[in-house]
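# Results of the structural survey
What follows is the residue order along each chain.
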There are 2 protein chains.
Amino acid sequence: MNRTHTSGQLNEQHIGESIQLIGWVQKRRDLGGLIFVDVRDRSGLVQVVFNPEISEAAIEVADKLRNEYIIQVTGTVIARAANQVNPNITSGAIEVHATEVVIINDAKTPPFAIENQTDAGEDVRLKYRYLDLRRPVMYDTFKMRSDITKTVRRFLDDEGFLEVETPILTKSTPEGARDYLVPSRVHNGEFYALPQSPQLFKQMLMVAGFERYYQIARCFRDEDLRADRQPEFTQIDMEMSFLSMDEILEMNERMMKKIMKEVKGIDVTIPFARMDYDEAMARYGSDKPDVRFGLELVDLSETVKDSAFKVFAAAVESGGQVKAINVKGAAANYSRKDIDALGEFAGIYGAKGLAWLKVDEEGLKGPIAKFFEGEAQASLIQTLEASAGDLLLFVADKKSVVADSLGALRLKLGKDLGLIDENHFEFLWVVNWPLFEYDEKEGRYYAAHHPFTRPFDEDLPLMDTDPSKVRAQAYDLVLNGYELGGGSLRIYSRDVQEKMFQVLGFAEEEAKEQFGFLMEAFEYGTPPHGGVAFGLDRVVMLLSGSTNLRDTIAFPKTASASDLLTQAPSPVAQAQLEELNLKLK
Amino acid sequence: MNRTHTSGQLNEQHIGESIQLIGWVQKRRDLGGLIFVDVRDRSGLVQVVFNPEISEAAIEVADKLRNEYIIQVTGTVIARAANQVNPNITSGAIEVHATEVVIINDAKTPPFAIENQTDAGEDVRLKYRYLDLRRPVMYDTFKMRSDITKTVRRFLDDEGFLEVETPILTKSTPEGARDYLVPSRVHNGEFYALPQSPQLFKQMLMVAGFERYYQIARCFRDEDLRADRQPEFTQIDMEMSFLSMDEILEMNERMMKKIMKEVKGIDVTIPFARMDYDEAMARYGSDKPDVRFGLELVDLSETVKDSAFKVFAAAVESGGQVKAINVKGAAANYSRKDIDALGEFAGIYGAKGLAWLKVDEEGLKGPIAKFFEGEAQASLIQTLEASAGDLLLFVADKKSVVADSLGALRLKLGKDLGLIDENHFEFLWVVNWPLFEYDEKEGRYYAAHHPFTRPFDEDLPLMDTDPSKVRAQAYDLVLNGYELGGGSLRIYSRDVQEKMFQVLGFAEEEAKEQFGFLMEAFEYGTPPHGGVAFGLDRVVMLLSGSTNLRDTIAFPKTASASDLLTQAPSPVAQAQLEELNLKLK
């Protein structure tokens, strides 16, 4: 077997050259005594022409070719006639006139066509993943994935990071999602857990003085499958010592800029904008706002707290909020029925109702307009910067419901109204997160990120008095409304870490049992350190333009555990289960 | 925190410069009113001098410093007096005169000194792994590991390989070692297995037309811990389509050459030598011979088959062998007691006895010399190229025992006699392996490599008539007596794969159940393909000069499953175990 060129590489520059290709038959057509065969390899397509006047033997073989046969073709590159040029492919101006062809392997008719557009269901695509991955759009995604990790590695290598592998068979940790457990045969009665992240190991590497660590790390969560979640996922994971938050953010901005340039050819501007968590929640109702468009949430609580519209007044009275979105110029586009549909949508996020007003030359119109006369109307119009033709949408509820429902509504409206430039990539750091979240049901605090996040020094006294006010030295990177990942500076002293566990409700003994090794490590000269983790699968999804996370993973999990490798459990495995006394419900 | 330089970076070129360092206190000495502090970071050491005439404040802080404190030092680089120069470190010709010092973190006295030479036991080192990894020799190993993967990735990127991640949660396979099993909570009664290698997935990627795949892949085997084996290990894993065995070997030689150049600064010559499996077994008694020295095994079966020494004659008569090593010039160095010890050593490998002869000017001497008179003596001396002063060591037994015991003895003698140049790296391909091994006890054939290895085309008819004679298109790369890894061309047609399973004793239904997905894939236009996998841990061990595999793994497993992260199983994990009805013996 030999090839001098790949299909996607050939163009006008090769005219007149004798070449040899190896690839898959994409399509065969017979036309006027000639046979045309599109030969595909991972680099692209080229048209090969078989002509009895060039080779009787070759056209005889060509006659037997079917889709997905693998062939080796020898021939000459010839310019196509001007009216035959196909501008959609690199090789569109040329074709190969075959002198020889050898069938390397044959193929049954595949269950779906190997083309970018497919109407095959995902079940079939996953069953025949090896055929699904032949579709150029799929190959391109995995090429991009590989290019992204290549870029990340080269960048971090150059910044002095060491790639270090941390264990996959490890211990379970008490916070976070459920671990996958792995019974140990050698150590009777004990078990390993698969890591949800290399968090503790990378902190150990900082204690060890490695200074800069990275890993493209596999992580695991035993959670239900969802469209946007896989039980195993991949993190671009790093940790570094002696750097400030600004320095960490700056370095990651340069890394992201490089990725965007390498894989998308796009120059993004750095530094990225930064926004406080509180501001993101206030203006966008989201901690990962898509800032490519407006439709911001406007707080009217102050404006309507004494409103004649009792729903509004009561919401504010009971400690909630009234907020609105001014959908500029959209009044005419939304019928009452359309608005009812928006109300139902907001209801998914907990809103009990969606109040609305339209604005015309005379003022506010709509079912609740009567509650807003004179001064009240003027102040509403002023606060919302409303003018004739606008549609105003209101939610009055407790703070979290207002944020969730109007935040979701904002995204829906942005899409529906075509306000989002899908080719634009807008990065944003969300900073100044709260360190804790209070769970009202359980009456306890949880770590908003994880229990190793460092509070601001000046907020330390609040750990005792008002934990909800403590800010974390944490940061999330948001791209177009998706959280790519984030990180934080870490606690590196025993007393702060102990205080942290105390606020989280750990008994002293319990904290020591679970995390004694960490707190002990902190006593032996631990450097100030911090880190970042980005979700690689999501980065690939966003940059490839896909909306299906499974399209970014070569062999994803599906609803059945028995996916892909569909063989039955082997006798060896069966015996193992028995030996482990492993009985599953 | 800020640093202008690292400790290991400073040298004579910086004399006169104002600099700032951050690092760990390696050592503090008070001497004549001055305080000397060695400051260590991952790059190396530098001596910092505190002088009350330069800064009273600084020397006051310096007085409080203890080993492993982290400090930030500001000062000036000064040349050391000629008699103070330390030629062992990069910064040995200079020192830093401190004007300011800040303690960034303090430290308790570590349980062992942070030095290359340590008498701390491995248990203590592993318990305080974050301190053990501070020892420069350990850091250097992980720096080398990172440099090796960096070199591998850059090489393979440039060769057009795509990095593709294959699943960690997968299905168990019936061949090979025991799998780790992972119960699935979502899919009641089902379980995942951790992969022993990405073998089937990478073959799927070839079927998918990816053409060149690589991954630095984590693999798992639920086997007992041994000094040279960890339950999780890392493979440099690749697979490629349309290449011949020669092309695959050539590419891997260039990769290894590049690794040796980048991390050891050594130019190795390519192509590497190739040796048939049969020849390696015959000459070295090993399929992974250390060819840096002689002491080859010489087959005397023909010479002694009619010997007066009945032990030899009987061994040959019963289908066994008689082989010997001529230990040139060693007769005088080995007393009868020494030779008895060698005999005991050979016994570990199954040899029932170790016969010996010494050669002097008059001929053969020793207990069995009387059996070798005249013609018999002359032919022995000639075959073994023996001369005065030589020690001849013989084993007569069945073929496998002769190979194992003399092979091991050869290695021992090579080391004991200092015949091995430990700084020399000698690569060797072992090729032309048998496809099958016959298990006499079980009366069946096993795959010598794995059941996806392609036989030589011309040996295909032997699959039916004499499987033991079928040669595999397989290759192992050996370095200094260690197997670095290997690979093979793979079967890519359904009928050969079916024949393979048939020889391995699979019932047709069983083969279909276990590997139907693979054989079905082969029918849709599968390219000829092959691959290689190298054990990264072992590569690092050999190139770093370590003899302990655990020193190449940041957080290795030890005899106890509860190692490293010594917290107790969390309540969440306990609940999970119960929910899964997971009861371990």
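Residues numbered from 1 in each chain as written. Chains lettered and ligands numbered in written order. Predicted model: local features only at pLDDT ≥ 70, side-chain atom pairs only at ≥ 80, totals over all residues. Heavy atoms only, no water.

An unreviewed UniProt entry lists chain A under the name Aspartate--tRNA ligase, with Psychrobacillus soli given as the organism. One UniProt comment on chain A, placed under Subunit (unreviewed entry), says "Homodimer." Listed under Sequence similarities (unreviewed entry) in UniProt, the entry text for chain A is "Belongs to the class-II aminoacyl-tRNA synthetase family. Type 1 subfamily." (UniProt positions renumbered as here; feature names shortened; annotations may be inferred.)

### Looking at the overall build of chain A
Broken down by element type, chain A carries 17 helices and 22 strands. In terms of overall dimensions, chain A has a C-alpha envelope of 90 × 75 × 50 Å along the principal axes. For chain A, with 585 residues in total, the buried portion stands at 57%. Once local pairs closer than 6 in sequence are excluded, the contacts in chain A between residues at least 24 apart make up 67%. (Helix = DSSP H or I, 4+ residues; strand = E, 2+ residues; numbered from the N terminus. Buried < 20%, exposed > 50% of the residue type's maximum accessible area, 1.4 Å probe, protein only. Contact = heavy atoms within 4.5 Å.)

### Some words on the packing of aromatic side chains
Under the definition given, this model contains 46 aromatic pairs over all chains. On the basis of an interplanar angle of 80° and a centroid distance of 6.0 Å, the ring pair of A:Y128 and B:Y524 is categorised as edge-to-face. Here the residue A:Y128 occupies a position in the loop between α2 (122-127) and α3 (129-132), and B:Y524 occupies one in the loop between α15 (508-521) and β22 (529-535), the pair thus bridging two chains. The pair A:Y128 / B:Y524 is uniform in exposure class, with both members buried. Relative to A:Y349, the ring of A:F345 lies with its centre 5.4 Å away and its plane at 55°, an arrangement referred to as tilted. In textbook terms, an aromatic cluster arises when at least three aromatic residues are bridged by ring pairs, as seen for A:F309, A:F312, A:F371, A:F372 and A:F394. Here the basic side chain of A:R471 rests over the ring of A:F456, its NZ or CZ set 4.3 Å away from the ring centre. Seen from the ring of B:Y446, B:R444 lies directly overhead, with NZ or CZ sitting 3.8 Å from the centre. (Phe/Tyr/Trp six-rings, centres within 6.5 Å; stacked < 30°, edge-to-face > 60°. Lys NZ or Arg CZ within 6 Å of the ring centre and 35° of its normal.)

### Regarding the UniProt feature "binding site: L-aspartate" (unreviewed entry) in chain A
Residue and element names in this part refer to chain A. Those residues carrying the UniProt feature "binding site: L-aspartate" (unreviewed entry) are E175, R221, H449 and R490 in this numbering. Along the polypeptide, R221 turns up in the loop between β9 (212-220) and β10 (232-241). We classify R221 as partly exposed; its relative accessible area is 32%. In this structure R221 touches A177, R178, Y180, Q196, P231 and F233, once residues within four positions along its chain are discounted.

### Remarks on the packing of helix α14 (residues 494-503) of chain B against α15(B)
All names here are of chain B. Relative orientation of the contacting elements α14 and α15 amounts to 160°, with a least axis distance of 10 Å. Relative to α15, α14 is oriented roughly antiparallel. The interaxial crossing formed by α14 with α15 has right-handed handedness. Together, R494, Q497, E498 and F501 of α14 and A511, K512, F515, L518, M519 and E520 of α15 make up the contact between the two elements. Grouping the constituent residues of the contact of α14 with α15 by class yields five nonpolar, one polar and four charged. (Axes fitted to C-alpha atoms, helices over the stretch in contact; angles between N-to-C directions. Parallel < 35°, antiparallel > 145°, perpendicular 65-115°, else oblique. Left-handed = near helix turned anticlockwise from the far one by under 90°. Nonpolar A, V, L, I, M, F, W, Y, C, P; charged D, E, K, R; others polar.)

### Overview of helix α5 (residues 199-207) of chain A
With nine of its nine residues buried, α5(A) lies for the most part within the structure. Among all positions in α5(A), only A:Q199, A:L200, A:F201, A:K202, A:Q203, A:M204, A:L205, A:M206 and A:V207 are buried. For α5(A), the secondary structure elements touched by its buried residues are β9, β10, α15 (508-521) and β22 (529-535) of chain A together with β1 (18-31) and α3 (129-132) of chain B. At the exit of α5(A) stands A:G209, carrying a positive phi of roughly 80°.

### Focus on a negative patch on the surface
Residue and element names in this part refer to chain A. A cluster of acidic residues, E508, E509, E510 and E513, forms a negative patch on the protein surface. Looking at the secondary structure, you find E508 in helix α15. Residue class for E508 comes out exposed when judged on its relative accessible area of 64%. (Patch = residues over 30% accessible without salt bridge, like charges linked within 9 Å, V, L, I, M, F, W, Y side chains within 5 Å. Areas by Shrake-Rupley, 256 points an atom, 1.4 Å probe, with all protein chains shown as cover. Salt bridge = Lys/Arg side-chain N within 4 Å of Asp/Glu carboxyl O. Lys, Arg positive; Asp, Glu negative; His and termini not counted. Charge placed at Lys NZ, Arg CZ, Asp CG, Glu CD.)

### Quick word on the pattern of salt bridges
In the structure shown here, the tally under the stated rule is 98 salt bridges over all chains. The partner of A:R283 in a salt bridge is A:E296, and the shortest N-O contact between them spans 2.8 Å. Of this pair, A:R283 sits in helix α7 (residues 277-284) while A:E296 is found in the loop between α7 and β12 (297-299), placing the two residues 13 residues apart along the sequence. A relative accessible area of 27% means that A:R283 is categorised as partly exposed. The salt bridge partner of A:D464 is A:K499, with a shortest N-O separation of 2.5 Å. One end of the pair, A:D464, is in helix α13 (residues 462-465); the other, A:K499, is in helix α14 (residues 494-503), and 35 residues separate them in sequence. Overall, A:K499 belongs to the partly exposed group, its relative accessible area being 22%. In the salt-bridge network here, residues are joined through shared partners; they are A:R145, A:R218, A:E232, A:D537, A:K557 and B:E165.

### Examining the side chain of A:R490
All names here are of chain A. Within the secondary structure layout, R490 lies in the loop between β21 (482-489) and α14. In this structure the side chain of R490 is engaged in a polar contact, spanning 3.4 Å, whose partner is the side chain of H450. Beyond its immediate chain neighbours, meaning those up to four positions away, R490 contacts Q199, K202, Q203, E239, H450, F452, R454, H529, G530, G531 and V532. (Polar contact = N/O pair within 3.5 Å; in protein donor to acceptor, adjacent residues only side chain to side chain.)

### Some details on the sheet that holds strand β21 (residues 482-489) of chain B
Residues and elements named next belong to chain B. Here we have eight strands laid out as an open sheet, ordered β6-β9-β10-β22-β21-β20-β17-β11, and mixed in their pairing. The sheet is open, and its two edges are formed by β6 (162-163) and β11 (273-276), each paired on a single side. Both strand β20 (residues 474-479) and β21 contribute to a ladder of six bridges, which runs antiparallel. For A474, the partnering residue across the bridge sits in β21 and is S488. Strands β9 (212-220), β10 (232-241), β20, β21 and β22 of the sheet are contacted by helix α16 (residues 536-544), whose axis makes an angle of about 140° with β21. (Pairing = 2+ DSSP bridges.)

### Some remarks on the sheet that holds β22(A)
Either a parallel or an antiparallel arrangement is found when strands of a sheet pair, and the pairing is made through backbone hydrogen bonds. All names here are of chain A. Overall, mixed pairing links the eight strands, which are arranged β6-β9-β10-β22-β21-β20-β17-β11 in an open sheet. Two strands lie at the open edges of the sheet, namely β6 (162-163) and β11 (273-276), each paired on one side alone. In this structure, strand β17 (residues 427-434) lies alongside strand β20 (residues 471-479), joined through seven bridges in antiparallel fashion. Residue pairing in the sheet places W433 in a bridge with A472 of β20. Strands β9, β10 and β22 of the sheet are contacted by α5, whose axis makes an angle of about 20° with β10. Here α7 sits on the sheet in contact with β11 and β17, set at roughly 85° to β11.

### Here we look at α14(B)
Residues spaced three or four apart along an α-helix face the same direction, because each turn holds 3.6 residues. All names here are of chain B. Of the positions making up α14, those classed as buried are V496, Q497, M500, F501 and V503. The arc enclosing the buried residues of α14, seen along the axis, measures out at 160°, which places them on a common side. Residues of α14 that are exposed and point over 90 degrees away from its buried face: D495 and Q502. Where the residues of α14 are buried, they touch β18 (436-439), β19 (444-447), α13 (462-465) and α15. (Arc of directions from axis to C-beta.)

### Details of unusual backbone geometry
For residues other than glycine, phi is negative in most cases, and the peptide bonds are mostly trans. The step from A:I270 to A:P271 runs through a cis peptide bond, and the omega angle for that step is 0°. Structurally, A:P271 is set in the loop between α6 (245-264) and β11. We note that A:N432 has phi near 55°; this positive angle belongs to a residue other than glycine. Note on placement: A:N432 falls in strand β17. Unusually for a residue other than glycine, B:N480 sits at a positive phi of about 50°.

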